[in-house]
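# Report on the structure
So the chains spell out like this:
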Amino acid sequence: MPQLTLRWVHSHDNNVCPICRELGDSNYTWVFNNEPMPNELFHPKHGIVWNVATGSAAHEHGIKGACRCHLDIQFDLADLLEEAKKLRDSLKAGASAGGFTMGQRELGESEE
Ligand SMILES: [Zn+2]
Ligand SMILES: [Zn+2]
């Protein structure tokens, strides 16, 4: 199933605002299952800390505003694995048709 994971990463310098620092240091993570990338990110303590229009400036960075944080965006690999299986199956089909055997064992059912 598609799964999207967003994690706050701050720049570890003196310009990082307290909110960014807290989000980054606590490894705060947003997880979205079967949902598109959201337009804003909500933190239970700090409210909306990011939105698609202004990025992390959505929380105004307290008094200091010079930090450059980013979101670490990770997609679950399940989709990719599914594609790999399709490719494997097509290779298997080609192998039985054309006598191609190299790598067939490695591409077999052992990945679970
Ligand atoms: Zn900040
Ligand atoms: Zn920041």
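Computed from a predicted model, the values in this text were never measured in an experiment. Here the residue numbers are simple positions, counted from 1 along each chain's written sequence. The lettering of chains begins at A and the numbering of ligands begins at 1, in the order of writing. This being a predicted model, a pLDDT of at least 70 is required before a residue's local features are given, and a value of 80 or more before pairs of side-chain atoms are given or counted; all residues contribute to the totals for chains, interfaces and linings.

Bringing the overall build of the protein chain into the picture now. Counting from the N terminus, the helices are the DSSP runs of H or I reaching at least four residues and the strands are the DSSP runs of E reaching at least two. Within the protein chain one finds two helices and five strands. Each helix and strand of the protein chain, placed in order from N terminus to C terminus, yields the pattern β-α-β-β-β-β-α. Counting every position in the protein chain, which comprises 112 residues, the buried fraction comes to 13%. This entry defines residue contacts through backbone-placed C-beta atoms, with two residues in contact when those atoms are within 7 Å. Considering only residue pairs separated by 6 or more positions, the protein chain has 53% of its internal contacts joining residues 24 or more positions apart. Neighbour counting defines burial: a residue surrounded by 20 or more other C-beta atoms within 10 Å of its own C-beta is buried, one with 12 or fewer is exposed, and intermediate counts give partly exposed, using backbone-placed C-beta atoms.

Here we come to the pairing of strand S4 (residues 47-51). Note: strand S3 (residues 40-43) against S4, four bridges, orientation antiparallel. Each residue of the ladder has a partner; that of His-43, found in S4, is Gly-47. We treat two strands as partners when DSSP finds at least two bridges between them.

Looking now at the nonpolar core. What makes a nonpolar core is a set of buried Ala, Val, Leu, Ile, Met, Phe, Trp, Tyr and Cys residues, with links drawn between C-beta atoms within 7 Å. Trp-8, Val-16, Cys-17, Ile-19, Cys-20, Leu-23, Leu-41, Val-49, Trp-50, Cys-67 and Cys-69 together form the largest nonpolar core, which totals eleven residues. Contact partners of Leu-23, with chain neighbours within four places excluded, come to Trp-8, Tyr-28, His-43 and Val-49.

Our focus in this paragraph is unusual backbone geometry. Excluding glycine, residues mostly carry a negative phi; peptide bonds, for their part, are mostly trans. For Asn-27, which is not a glycine, the phi torsion comes out positive at approximately 55 degrees. With respect to the helices, strands and loops of the structure, Asn-27 is situated in the loop between helix H1 (18-25) and strand S2 (29-33). Take Asn-27: there are 10 C-beta atoms within 10 Å of it, and that puts it in the exposed class.

Once that is clear, we can look at the confidence of the model for the protein chain. pLDDT gives the predictor's per-residue confidence on a scale running from 0 to 100. Mean pLDDT over the protein chain stands at 80; residues scoring 70 or higher make up 78%. Within the protein chain, no element has a lower average pLDDT than helix H2 (residues 78-98), which sits at 77, and none a higher one than S3, at 95.

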